[in-house]
Amino acid sequence: KYKLFTGVGAAHLPGEKGVIGQLRKKGYKVRPVMFSNKKGNEGKSKIDAIRYPVKMNKQFSSDSAFSVDVPGKLYELGDVSGYKSYMNLDMANGSYYYIQRLNYYGKISGQDEDYMQKRIDSLLYENIPGKIISKKIEKNNLGFSYFDILNKTAKGDMQRYQIHFIDDEVFVFKMGGTEEYVTAGPENDLFFNSIRFRKKENSGIYIYS
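Parameters and conventions
- Counting starts from 1 at the beginning of each chain's written sequence and moves along it residue by residue.
- Note on the predicted model: pLDDT of at least 70 is required for a residue's local features to be given, and 80 or more for side-chain atom pairs to be given and counted; whole-chain, interface and lining totals, by contrast, use all residues.
- As a convention, hydrogens and water are excluded, and side-chain values are obtained from all of the structure's heavy atoms.
- Following DSSP output, two strands are said to pair if at least two bridges run between them.
- Under the scheme used here, helices are H or I runs from DSSP no shorter than 4 residues and strands are E runs no shorter than 2 residues, and both carry numbers assigned from the N terminus.
- Here, axes are lines fitted to C-alpha atoms. For helices the fit covers the stretch in contact, and angles between N-to-C directions go from 0 to 180 degrees.
- Categorising residues by exposure relies on relative accessible area from a 1.4 Å probe, with only protein chains included: less than 20% of the type maximum marks a residue as buried, more than 50% marks it as exposed, and the intermediate range marks it as partly exposed.
- What the arc measures is the spread of directions leading from the helix axis to the C-beta atoms.
- Remark: nonpolar core denotes a set of buried residues (Ala, Val, Leu, Ile, Met, Phe, Trp, Tyr, Cys) joined through side-chain atoms within 4.5 Å.
- Note on contacts: a residue pair is in contact if any heavy atoms of the two residues lie within 4.5 Å.
- Salt bridges are identified by distance alone: a Lys or Arg side-chain nitrogen within 4 Å of an Asp or Glu carboxyl oxygen.

Colleague: Account for the sheet that holds strand β9 (residues 169–176), naming residues and giving values.
Modeller: Adjacent strands of a sheet form backbone hydrogen bonds with each other and so pair up, either parallel or antiparallel. Judged by pairing direction, the sheet is antiparallel, and its 7 strands sit side by side in the order β3-β4-β5-β9-β8-β7-β6 without closing on themselves. Looking at strand neighbours, the two that pair on one side only are β3 (75–80) and β6 (131–139), the edges of this open sheet. The average undirected angle you get between the axes of adjacent strands in this sheet is 15°. Note that β3 and strand β4 (residues 83–90) share 5 bridges and pair antiparallel. Bridge pairing links Tyr75 to Met87 in β4.

Colleague: Give a description of helix α4 (residues 113–121) that names residues and reports values.
Modeller: Listed as buried for α4 are Met116, Gln117 and Ile120. Viewed end-on, α4 has its buried residues packed into an arc of 105°, placing them on one side of the element.

Colleague: Could you give me a rundown of the pairing of β9, with the residues and numbers involved?
Modeller: If a strand is regular, its side chains alternate between the two faces of the sheet. Summarising burial for β9: 8 of the 8 residues are buried, a large majority. Pairing geometry for strand β5 (residues 95–103) and β9, over 8 bridges, is antiparallel. From the neighbouring strand, Ile99 faces β9, where its bridge partner is Phe173. Bridge analysis of strand β8 (residues 158–166) against β9 gives 8 bridges, and the strand direction is antiparallel. From the neighbouring strand, Ile166 faces β9, where its bridge partner is Glu169. Linking two consecutive strands that pair antiparallel, namely β8 and β9, is a turn of 2 residues; a positive phi of about 45° is found at Asp167 within it.

Colleague: I'd like a description of the sheet that holds strand β2 (residues 66–70), backed by residues and values.
Modeller: Read across the sheet, 3 strands follow the order β1-β2-β10 without closing on themselves; strand pairing throughout is antiparallel. Since the sheet does not close on itself, it has two edges, and those belong to β1 (57–60) and β10 (196–197), each with one partner. By the bridge criterion, 2 bridges tie β2 to β10 in an arrangement that is antiparallel. For Ser67, the partnering residue across the bridge sits in β10 and is Arg196.

Colleague: Now, about the nonpolar core: what can you tell me, with residues and values included?
Modeller: Core analysis: the biggest nonpolar cluster contains 22 residues, and Phe66, Val68, Phe173 and Phe191 have the highest contact counts within it. If we skip the residues at most four places from it in the chain, Phe66 touches Gln59, Phe60, Ser61, Leu74, Tyr86, Ile99, Arg101, Phe171, Phe173, Arg196 and Phe197. Counting 12 residues, the second-largest nonpolar core is a separate cluster that includes Tyr104, Phe147, Ile163 and Val172.

Colleague: Account for the pattern of salt bridges, with residues named and values stated.
Modeller: Under the definition given, this model contains 8 salt bridges. Note that Arg101 is salt-bridged to Glu169, the shortest N-O span being 3.0 Å. Taken as a pair, Arg101 in strand β5 and Glu169 in strand β9 lie far apart in primary sequence, 68 residues in all. Classification of Glu169 by relative accessible area gives buried; the value is 8%. For Arg160, the salt bridge identified is with Asp148, shortest N-O distance 2.7 Å. Remark: Asp148 occurs in strand β7 (residues 145–152) and Arg160 occurs in strand β8; sequence separation between them is 12 residues.

The following block contains the structure:
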């Protein structure tokens, strides 16, 4: 008349003194029930394929060095010894937008943008995760060169980078997401095509061009 469900931890099942052995000694017939997660995997795939529409908002760095469009607020994560980073998380789509700035003080050490470009180019193989699908060299709105890189991680997730060489700084813009999210929709072009840099006066203040 009544049904009873009892849950037992897996560590209590095996061995002569385990739950299975004890039940069989008492005359119960115990058989394994094979579990299939086929429907669960199909459901997960359907959920992962859903793209939630986002609205891009123009965001500025605190010193106005650059502006970029992201789906929400761009948070500055820290400023340590000439290194800054920014992050925007698109939780609904499992994607993220990440920016790094590194001041290499090129004018002091006599290292210009071309030097840094060649140096970083030699490091891409070790520092870009997975396989590099494509790499292009373009010019940004101030006329400086940048790498535009598309890569696929060992897990199968697509990523895109832009690495800009501006005066004494290197700017790394990155977008990542699950599976084909980065390349399957318009968000990555909206993000990367919106990147704008400001001219820097001798005083070190960025101005709008």
